[in-house]
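# Notes for the structure review
Take a look at the letters that make up each chain.
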Amino acid sequence: MVKYIFVTGGVLSSVGKGILTSSIGKMLQARGLKPTVVKIDPYVNIDAGTMNPYMHGEVFVTDDGGETDLDLGWYERFLDLSLKQENNLTTGTIYKSVIEKERRGDFLGRCVQIVPHVTNEIKNRIRNAGKMVNAEIVLTEVGGTVGDIEGLPFLEAIRQMRVEEGYENTLYVHVALVPVLDVTGEMKTKPLQHSVNELRRIGIQPDTIVARSPTMIDAEALRKIALFGTIPESAVFCSYNAETVYQVPLILDKQGMGDFICGRLAIKCKGKDFSGWEVFVDGMVHPEHEVKIALVGKYAGLSDSYVSMTEALRHGGAACKAKVCISYLEAEKFEREPHCISDLANFDGVFVPYGFGPRGTEGKIAATKYARENNIPFLGICYGFQLAVIEFARNVCGLKDANSTEINPDTPYPVIDLMPEQRGIEIKGATMRLGAHKVVLQKVTLAYSMFAQEEIHERHRHRFEVNLDYIEALKNNGLCFTGKSSDGRRMETLELSDKYFYFASQFHGEFKSRPGRPSPEYAGFIQACLNRKLGKPKTTIS
Ligand code: GLN
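Read on for a plain summary of the structure. (Residues numbered from 1 in each chain as written. Predicted model: local features only at pLDDT ≥ 70, side-chain atom pairs only at ≥ 80, totals over all residues. Heavy atoms only, no water.)

## Some points on the side chain of Arg 162
By secondary structure assignment, the location of Arg 162 is in helix α6 (residues 152-165). Among the polar contacts listed, one links the side chain of Arg 162 to the side chain of Asp 207, at a separation of 3.0 Å. Not counting chain neighbours up to four residues away, the residues in contact with Arg 162 comprise Tyr 167, Thr 170, Leu 171, Tyr 172, Asp 207 and Arg 264. (Helix = DSSP H or I, 4+ residues; strand = E, 2+ residues; numbered from the N terminus. Polar contact = N/O pair within 3.5 Å; in protein donor to acceptor, adjacent residues only side chain to side chain. Contact = heavy atoms within 4.5 Å.)

In structure tokens form, the structure reads like this:
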């Protein structure tokens, strides 16, 4: 029998449901169980691909090319899974498929309604996500906050699943904020109580409640949550602020949450093993070194815009026992105040992330130039790769005003141009080059020495690429394209062999980075930043 765990959130969004859901999965995985995860996003968009990262955080890309909510990234990192588009449900996907069925005549003349047609579609998709991978447990996180209008059909669907799947096979977890008053230091459980009431009003009684608070909740708060939540005190847990989010499964397990869930779902397990995870967490919490990274981006005001990149940099840091301190710098600042570029000398590495459109690109190009000329370790990803080509074309090859046609369609030297298959595409949703594609690495290069394989599969999300007309000019001036698509026509990695560490990739290594198994390009970058800081010679390539 498959078991279903549903996670809802109260009081406000961004309360840490994604981390909690991942942590529950981790506690189950540590007991030898096989979980999978579904994220429900009640917005009307079909997927996250068309959403602005500045408002919604990054778009996470799956192997199969899904443009999904960033929480899928947390599930993948915590549980080392490779999820699919189907693991992310939105109101858009559900309604699209119900309406398509209606147009086909599948409903045989019946009036199509939210209950049962929309709710059936939701339940089928949750169950299918489990079947797809033969999971023993399907965790479903309902995005947004209980009480949102958009969330109602989803909550109704998960309510029905209790009846259909049975008490022993379903569990409702509710997480809500428990703020602490500045003045008195008192923990306030009233907002949590109200959110539990809201959940009950739609027919769901939580089985366990997780208080999200700055510090461990006190006995009084715990008693109130249990009393007003109608659950035993042993079913109340607390997710308090930790040094790293990777500690959360250990914190909750210590409070007995893993055992509680297994007991409640009648799952028999023989002990638990967190050993690998604990080693990684220990490395993160007790670093021996520190490296300072300048992330020069367009969405620097919202660190969630770069969450997978941030985590990949940290995974790389953990591998060499280094704490990675990232400063998120607005690229436009270097355009407004060009003299500020020398601030980059205070960093051990310069990182230029993904991006779209012209805003901030000149600032990023200036930062790339500074890193190259001052031999500061540099890593560029996707747009960062393309802008490094532009910088090199302009300042080394002498191609004045070289650019990407994304930024300036009239540039005299379009060194970055739309991919041929993108021409004529007008629809924005899900039409980029997406997901995992094969990349072939040349031997005896920085790329090969980091990835240690000739063939890799890395995830992509782009419309533009290096224009083949300029390869000769770039190569002749010393820019090496060391990774390419199988047919050799798509440039995937670049490096400058005379620099301490200068590397960029068209693909996004961060999406496959895992705690304890960092993305090789990120790990290589951080290691180089640390080595240079410690005065070590640059590592030889093999
Ligand atoms: N804007 C660039 C492109 O579409 C880069 C995309 C990205 O950085 N993900 O090709």
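And the narrative resumes.
## Some remarks on the site of the ligand
For the ligand, the full set of nearby residues is Tyr 354, Gly 355, Phe 356, Cys 382, Tyr 383, Gln 386, Glu 406, Arg 461, His 462, Arg 463, Phe 464 and His 508. One of the backbone nitrogen or oxygen atoms of Gly 355 is found 2.9 Å away from a nitrogen atom of the ligand. For the ligand, a nitrogen atom lies 2.7 Å from a polar atom in the side chain of Glu 406. For the ligand, the protein covers 99% of the area, taking 300 Å² as the surface of the free molecule. Of all the cavities here, the one that holds the ligand is the second largest pocket. Looking at the shell around the ligand, the elements that each hand over two or more residues are α15 (383-395) and β17 (455-462). (Near = heavy atom within 4 Å. Areas by Shrake-Rupley, 256 points an atom, 1.4 Å probe, with all protein chains shown as cover. 1 Å grid on protein atoms, 1.4 Å probe; cavity = no way out; pocket = protein on both sides within 12 Å on 5 of 7 lines; lining within 4 Å. Sits in = over half its atoms within 2 Å of the grid points.)

## Section: the pattern of salt bridges
Overall, the coordinates contain 39 salt bridges when judged by the stated rule. Arg 359 is the salt-bridge partner of Glu 332, the closest N and O atoms lying 2.6 Å from each other. Residue Glu 332 is located in the loop between β11 (322-330) and α13 (333-336), and its partner Arg 359 is located in the loop between β12 (349-352) and α14 (361-373); the two are separated by 27 residues in the primary sequence. In this structure Arg 359 comes out as partly exposed when scored by relative accessible area, which is 31%. The residue Arg 490 makes a salt bridge to Glu 421 at a minimum N-O spacing of 3.0 Å. With Arg 490 in the loop between β19 (480-484) and β20 (491-495) and Glu 421 in the loop between β15 (414-418) and β16 (433-441), the pair connects residues that are 69 residues apart, well separated along the chain. (Salt bridge = Lys/Arg side-chain N within 4 Å of Asp/Glu carboxyl O. Buried < 20%, exposed > 50% of the residue type's maximum accessible area, 1.4 Å probe, protein only.)

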